[in-house]
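Architecture at a glance
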Amino acid sequence: MDGTSQNPLDQLIDELRKLPGIGRKTAQRLAFFLLKMPAEEARGLAQAVLDVKERLRFCRWCNNISEEEVCRFCADPMRDRTRILVVEETSILFAIERTGEYKGLYHVLVGSLSPLDGRGPADIKAQSLLDRLKLGETKEVIIATNPTIEGEATAIYLTRLIKPTGVKVTRIAYGIPVGMDLEYADEVTLIKSLEGRRELA
Amino acid sequence: MSLFETEAIVLNGIRLGEADKLVTLLTAKKGKVKAVANGARRPRSRFGAALEPFTHCNVILFEKKPTILMRMNQADILQPFMKIREDLDRINAAARMVQIVSALLPEGEANPEIFSLLRTGLGEVEKRDRLEWLVRAFEIRCLKHAGYQARLDRCLICHREIDSIRVYFSPMNGGTLCGSCARTIRDPLEPVSPGTVSLLRLVGRMNWSGLFRLKATPRMLQEVKSVMDAHFTFILGRPL
């Protein structure tokens, strides 16, 4: 059956199947759910999908997703402009923001270095971070990339780039997740947590 | 349908679904295999750091049928090779090693020599400084154990011993050609100096500490690199 003669339900199922983790059966179930939905709600969903594509863009400073040219964090005069926290993806930025503890600025790399998959420095937004450091406001860059080989490679690469500028570079702590039983922690995590121990006040 | 336990080295891992990982392992018992580790990306995952690339671990895998992906039941770290992760050049060297093993070996065929070579090779990456030389030596040995060892003592066309100044490496023939025979064929050839040929021969026979006593000039290293790149491209049908 070609695209022109397809009925709207089949077309919806085909579109839903393009989403990650959605197979034929799930797509069908979702399509029937959408079919039964009040027209107003369905329109709201369609509009939300369109808005995401049409109204959002990357912040010119930190590459966060934003409706404006500059995102709400970069535009906020109350945030601590002497600190930049570097993350691989916007989803991690939101996870950190949920803690409510960090009041500085962000920088999203939109990727990470991966020597195993051939992703190199050209695949991350590191140059724009260096350009921001040249403005002279920043005193500390906190690297919050994942504690994986890719994240470590990215952290080491960024440290090499930033060190010559004289800005302090720090890395978020490695260690035991809160609430975990130490008995079940693996050796690497335990060694890292010992290395990163600190004196109790 | 069975559970089996084996030593393994993690070659690579990709994100799968919400919090799972599809891990490529080089196992001692079944060679290169792929296995799904459920929940491996959650903070309190039972696998912890065991499934990070380059980790040497002991794993318990569940194989339902050879056609279905294996499932990982348990992974305990034997050697984490932590120093590799602290240096970008060491990460790149180790990455090259696992890429080579991954590209050369088919799935499901045990190769104890390559398993042992990769395990000791990663240990060397942690402690040596001549990383480029280490990677080249690893490539030569890996080709040998995968069944692609180059013939370097004679010309592969006229069978005379290699003694001239002009020597060529022919990826298609898998070894050296003398200057006069090289003129008769049209396939791409890599010119190599007799010194480099001797070096290539020695690398296949020596242990790691012996290898690091060998001195290679930058020109020799460059020639070895060109020869290996051409050889890999011919074997794999694409550049590595």
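About the cut-offs
- Residues numbered from 1 in each chain as written.
- Chains lettered and ligands numbered in written order.
- Predicted model: local features only at pLDDT ≥ 70, side-chain atom pairs only at ≥ 80, totals over all residues.
- Heavy atoms only, no water.
- Patch = residues over 30% accessible without salt bridge, like charges linked within 9 Å, V, L, I, M, F, W, Y side chains within 5 Å.
- Areas by Shrake-Rupley, 256 points an atom, 1.4 Å probe, with all protein chains shown as cover.
- Salt bridge = Lys/Arg side-chain N within 4 Å of Asp/Glu carboxyl O.
- Helix = DSSP H or I, 4+ residues; strand = E, 2+ residues; numbered from the N terminus.
- Buried < 20%, exposed > 50% of the residue type's maximum accessible area, 1.4 Å probe, protein only.
- Pairing = 2+ DSSP bridges.
- Axes fitted to C-alpha atoms, helices over the stretch in contact; angles between N-to-C directions.
- Contact = heavy atoms within 4.5 Å.
- Domains from an automatic or database assignment.
- Buried area = accessible area lost by both parts, 1.4 Å probe.
- Polar contact = N/O pair within 3.5 Å; in protein donor to acceptor, adjacent residues only side chain to side chain.

Topic: a nonpolar patch on the surface
Residue and element names in this part refer to chain A.
- A grouping of Val-52, Leu-56, Phe-58, Ile-65 and Val-110 is seen on the molecular surface, where their side chains present a nonpolar patch of about 410 Å² in accessible area.
- On the secondary structure map, Ile-65 appears in strand E2 (residues 65-66).
- Exposure remark for Ile-65: the relative accessible area of 39% places this residue in the partly exposed category.

Points about the sheet that holds strand E8 (residues 190-192) of chain B
Residue and element names in this part refer to chain B.
- Across the sheet, three strands lie side by side as E7-E6-E8; this open sheet has antiparallel pairing. At either end of the open sheet lies a strand with only one pairing partner, and these are strand E7 (175-178) and E8. Within the sheet, the average angular offset between the axes of one strand and its neighbour, ignoring direction, is 40 degrees.
- Both strand E6 (residues 167-170) and E8 contribute to a ladder of three bridges, which runs antiparallel. Each bridged residue has a counterpart across the sheet, and for Val-167 the counterpart in E8 is Val-192.
- Those strands touched by helix H5 (residues 194-203) are E6, E7 and E8, and its axis lies near 90 degrees from that of E8.
- Across the sheet, helix H7 (residues 218-236) is in contact with E6 and E8; its angle to E8 comes to roughly 145 degrees.

Quick look at the domain arrangement of chain B
Residue and element names in this part refer to chain B.
- Partitioning chain B into domains gives domain 1 (2-127) and domain 2 (143-236).
- The centre of domain 1, based on its C-alpha atoms, is set 32 Å off from the matching centre of domain 2.
- Domain 1 puts eleven residues into the contact, and the matching count from domain 2 is ten residues.
- Both faces combined, the contact of domain 1 with domain 2 buries some 850 Å², and carbon together with sulfur accounts for 76% of it.
- Of all residues in domain 1, Leu-104, Leu-117 and Glu-124 give up the largest surface area on contact with domain 2, accounting jointly for 49% of the area buried on that side.
- Where domain 1 packs against domain 2, one counts one salt bridge.
- Of the charged contacts in the structure, one is a salt bridge between Asp-229 and Arg-96, with a shortest N-O distance of 3.7 Å.
- At the surface where domain 1 touches domain 2, the tally comes to two residue pairs in polar contact (both at pLDDT 80 or more).
- Contributions of two or more residues to the side of domain 1 that touches domain 2 are made by helix H1 (88-104) and helix H2 (112-127).
- Ranked by the residues each element gives to the side of domain 1 that touches domain 2, the list is headed by H2, at six residues.

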